[in-house]
Amino acid sequence: MTVAILFGSFFLLLAIGVPIGIALGTASLLAIAWIPFLNFDLYALGLVSGIDSFTLIAVVLFTLAGSIMAQGGISRRLIAVAESFFGGAPGDLGTVTIMACLFFAAISGTGSATVAAIGLAMIPALTARGYDRAYSCAMVASAGSLGVMIPPSVVMIVYAVSAQVSVTALFLAGVIPGIAIALALIAYNAWTRRGAPAVRPTGPRRSRLAILNEAKAALLMPVVVLGGIYGGIVTPTESSAVAVVYALAVSVFIYRELPLRDVPKMMLESALLVSAVLVIIGASVAFGRIIALEQLPQALAAAVTDLTQNRYIVLIAAIVLLLIVGTFLETLAAIVILTPVLLPIVTVLGIDPVHFGIVMIVSLAIGFVTPPLGANLFMAAQVGGIPFDAIVRRIFPWIVTMIVALLLIAAWPALSLILPRLFLGYAG
């Protein structure tokens, strides 16, 4: 009955147009009121703990860095570089956008930050070049999921701890699957744009060397940020502050296109932009805790394994379960709840725990863009300035594309295990 109240009231509130964060909170409060041994402190604690995260600071700071890049001339120069190398090919800026998300994922480690930073720079550029705005937002939201698939990833660390596997092995295992997802998105974009007019470079024609020279300070930004991470100087979250400082220094003192008086306004706008998403994240934690208390994930897992012991069917069933759970439950919470339930089942059937970890993480990452609770969708809608339902109508082909790539990753364990075996001698 509790589950019926929780989901029934939630979908009813969504149907009558209640904002997602309020719908989540109201449904959670109604469910808490129904359960005799709970009080409303559970909701308050979930709301606070959901956003009381050092990692979430990166979302705010990378959003600010993306705004500085967009208004300070950095993004324009990066787009000029991309145009000089990819101009004339169908879907060129779409390919650049997805690759930018792939590269930025190695900086941020979070999906929302990737969507914010790349979306602020690329969605206006894509729209100016003839891309539909809702399509552009859906593209950025989907590619933003790479934030947790490409190492370093907080989600991978949590799985490694929960499953007691090597963090380094899991990081290496995520590289090729993350690239595979990116290539699938690029292929879909190229296919969709195959009949579109080719984009031609605008303005006076210049050599690629001249364009690269003008953009050298912008191109050094990822080198500085990634170098700090992989050199052990800063954490991924601390690197977001490095990104802000570097973007600010380049925009104000090198390119001189951003007046210092505009920075406080940009900081406020970035905070307001992220705040709407943080409310949803906080409310979803309380929502997820009620689901966990009702042991719904465990019940679903038991139902799946009761049907068959075939490893491939069980793996597909686990993927379906994870796709459903990832839609409603915050990713880190889903990892903590489901890993102890699913891992013993799949390992008994001979599925490698590192390989299953990648399958699990990619499946849950697709939940970032699956309505009605996809966090990346809300961030992309905020950044792109479009209604949420507009992006929902364009997201499903991207979801199908990622699921196809996920099935390939699941069916071919070597995609995940080749690098750990090559560099670590992993015997799994």
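Residues numbered from 1 in each chain as written. Predicted model: local features only at pLDDT ≥ 70, side-chain atom pairs only at ≥ 80, totals over all residues. Heavy atoms only, no water.

Draft legend 1. Geometry of the overall build of the protein chain. Per the secondary structure count, the protein chain includes 22 helices and zero strands. Taking 428 residues into account, the globule formula puts the C-alpha radius of gyration at 22 Å, and the protein chain, at 22 Å, falls close to it. Overall, the C-alpha framework of the protein chain stretches about 65 × 50 × 45 Å when taken along its three principal axes. Across the 428 residues in the protein chain, those meeting the buried criterion constitute 55%. A sequence separation of at least 24 residues applies to 79% of the contacts in the protein chain between residues at least 6 apart. (Helix = DSSP H or I, 4+ residues; strand = E, 2+ residues; numbered from the N terminus. Rg over C-alpha atoms; globule rule 2.2 N^0.38 Å. Buried < 20%, exposed > 50% of the residue type's maximum accessible area, 1.4 Å probe, protein only. Contact = heavy atoms within 4.5 Å.)

Draft legend 2. Main features of the pattern of salt bridges. Here the structure, examined in full by the defined rule, presents four salt bridges. With a shortest N-O distance of 3.5 Å, Arg-77 and Glu-214 are connected by a salt bridge. Residue Arg-77 is found in helix H5 (residues 74-86), and its partner Glu-214 is found in helix H12 (residues 208-214); the two are separated by 137 residues along the sequence. The closest approach of N and O atoms between Arg-77 and Glu-257, which form a salt bridge, is 3.0 Å. Of this pair, Arg-77 sits in helix H5 while Glu-257 sits in the loop between helix H14 (236-254) and helix H15 (263-293), and the two are 180 residues apart along the sequence. Residue class for Arg-77 comes out buried when judged on its relative accessible area of 10%. Relative accessible area serves as the criterion here: at 31%, Glu-257 is assigned to the partly exposed category. The network of salt bridges with common partners includes Arg-77, Glu-214 and Glu-257. (Salt bridge = Lys/Arg side-chain N within 4 Å of Asp/Glu carboxyl O.)

Draft legend 3. Region of the structure containing the packing of aromatic side chains. Inspection of every chain in the model, using the stated rule, returns five aromatic pairs. Relative to Trp-398, the ring of Tyr-188 has its centre 4.7 Å away and its plane inclined at 80 degrees; by these criteria the two rings are edge-to-face. In this pair, Tyr-188 is assigned in helix H11 (residues 167-192) and Trp-398 in helix H21 (residues 388-411), connecting sequence segments 210 residues apart. Since its relative accessible area comes to 16%, Tyr-188 is described here as buried. Of the aromatic side chains, those joined through ring pairs into one cluster are Tyr-131, Tyr-135, Tyr-188, Trp-191 and Trp-398. Over the face of the ring belonging to Tyr-312 we find Arg-311, whose NZ or CZ atom lies 5.4 Å from the ring centre. (Phe/Tyr/Trp six-rings, centres within 6.5 Å; stacked < 30°, edge-to-face > 60°. Lys NZ or Arg CZ within 6 Å of the ring centre and 35° of its normal.)

Draft legend 4. Region of interest: the environment of Asp-92. By the element assignment, Asp-92 lies in helix H6 (residues 92-108). Relative accessible area serves as the criterion here: at 4%, Asp-92 is assigned to the buried category. Taking the C-alpha atoms as reference points, Asp-92 and Leu-323, separated by 231 residues in sequence, lie 30 Å from one another.

Draft legend 5. Highlighting a nonpolar patch on the surface. Where nonpolar side chains cluster on the molecular surface, the patch consists of Ile-316, Val-320, Ile-324 and Leu-407 and spans about 340 Å² of accessible area. The element that contributes the greatest number of residues to the nonpolar patch is helix H17 (residues 311-328), accounting for three residues. Tracing the backbone through its elements, the reader meets Val-320 in helix H17. (Patch = residues over 30% accessible without salt bridge, like charges linked within 9 Å, V, L, I, M, F, W, Y side chains within 5 Å. Areas by Shrake-Rupley, 256 points an atom, 1.4 Å probe, with all protein chains shown as cover.)

Draft legend 6. Examining the nonpolar core more closely. Core analysis: the largest hydrophobic core is formed by 119 residues, its most contacted members being Tyr-159, Ile-181, Phe-356, Ile-391 and Trp-398. Not counting chain neighbours up to four residues away, the residues in contact with Ile-391 comprise Ala-134, Cys-137, Ala-138, Ala-141, Leu-377, Ala-380, Ala-381 and Ile-386. Phe-7, Phe-10, Leu-38 and Leu-373 belong to the second-largest nonpolar core, a separate cluster that totals 23 residues. (Core = buried A, V, L, I, M, F, W, Y, C linked by side-chain atoms within 4.5 Å.)

Draft legend 7. Region of the structure containing helix H10 (residues 154-163). Every buried residue of H10 is listed here: Val-155, Met-156, Val-158, Tyr-159, Ala-160 and Ala-163. On its buried side, H10 packs onto helix H9 (146-149), H11, helix H18 (331-348) and helix H19 (353-366). Of the residues one or two after H10, Gln-164 is the one with positive phi, at around 55 degrees.

Draft legend 8. Spatial organisation of the state of the cysteines. Counting across every chain of the model gives zero disulfides. Here Cys-101 is not cross-linked by a disulfide; its sulfur's nearest cysteine counterpart is in Cys-137, at 12 Å. The exposure class assigned to Cys-137 is buried, which follows from its relative accessible area of 0%. (Disulfide = S-S within 2.5 Å.)

Draft legend 9. Seen up close, unusual backbone geometry. Even without glycine at this site, Gln-164 takes up a positive phi of about 55 degrees. Residue position: Gln-164 is located in the loop between H10 and H11. Phi at Arg-256 is positive, roughly 55 degrees, even though this residue is not glycine. Among the secondary structure elements, Arg-256 is positioned in the loop between H14 and H15.

Draft legend 10. Main features of the side chain of Asn-376. Its place among the elements puts Asn-376 in helix H20 (residues 375-384). Of note is the side chain of Asn-376, whose polar atom sits 3.1 Å from the backbone oxygen of Ala-141. Sequence-distant contacts of Asn-376, defined by excluding residues within four places in its chain, comprise Gly-111, Ser-112, Val-115, Ala-141, Gly-144, Ser-145, Phe-368 and Val-369. (Polar contact = N/O pair within 3.5 Å; in protein donor to acceptor, adjacent residues only side chain to side chain.)

Draft legend 11. How the structure looks around the packing of helix H1 (residues 2-15) against H15. As a packed pair, H1 and H15 sit with axes 10 Å apart at the nearest point and diverge in direction by 150 degrees. Regarding the angle of H1 to H15, the classification is roughly antiparallel. For the pair H1 and H15, the crossing hand works out as left-handed. Each of Thr-2, Leu-6, Phe-7 and Phe-10 in H1 lies in contact with H15, whose residues at this interface are Phe-287, Ile-290 and Ile-291. (Axes fitted to C-alpha atoms, helices over the stretch in contact; angles between N-to-C directions. Parallel < 35°, antiparallel > 145°, perpendicular 65-115°, else oblique. Left-handed = near helix turned anticlockwise from the far one by under 90°.)

Draft legend 12. Geometry of helix H8 (residues 133-144). Taking 1.5 Å per residue, 12 residues should reach 16 Å; H8 reaches 16 Å between its end C-alpha atoms and fits that length. Within H8, 11 of the 12 residues are buried, which leaves the element mostly enclosed by the surrounding structure. If you check which residues of H8 are buried, you get Ala-134, Tyr-135, Ser-136, Cys-137, Ala-138, Met-139, Val-140, Ala-141, Ser-142, Ala-143 and Gly-144. The backbone nitrogen of Ala-134 has a side-chain oxygen 3.1 Å away, supplied by the residue at the start of H8, namely Asp-132. (Expected span 1.5 Å × (residues − 1).)

Purely geometric numbers; function is a separate question.
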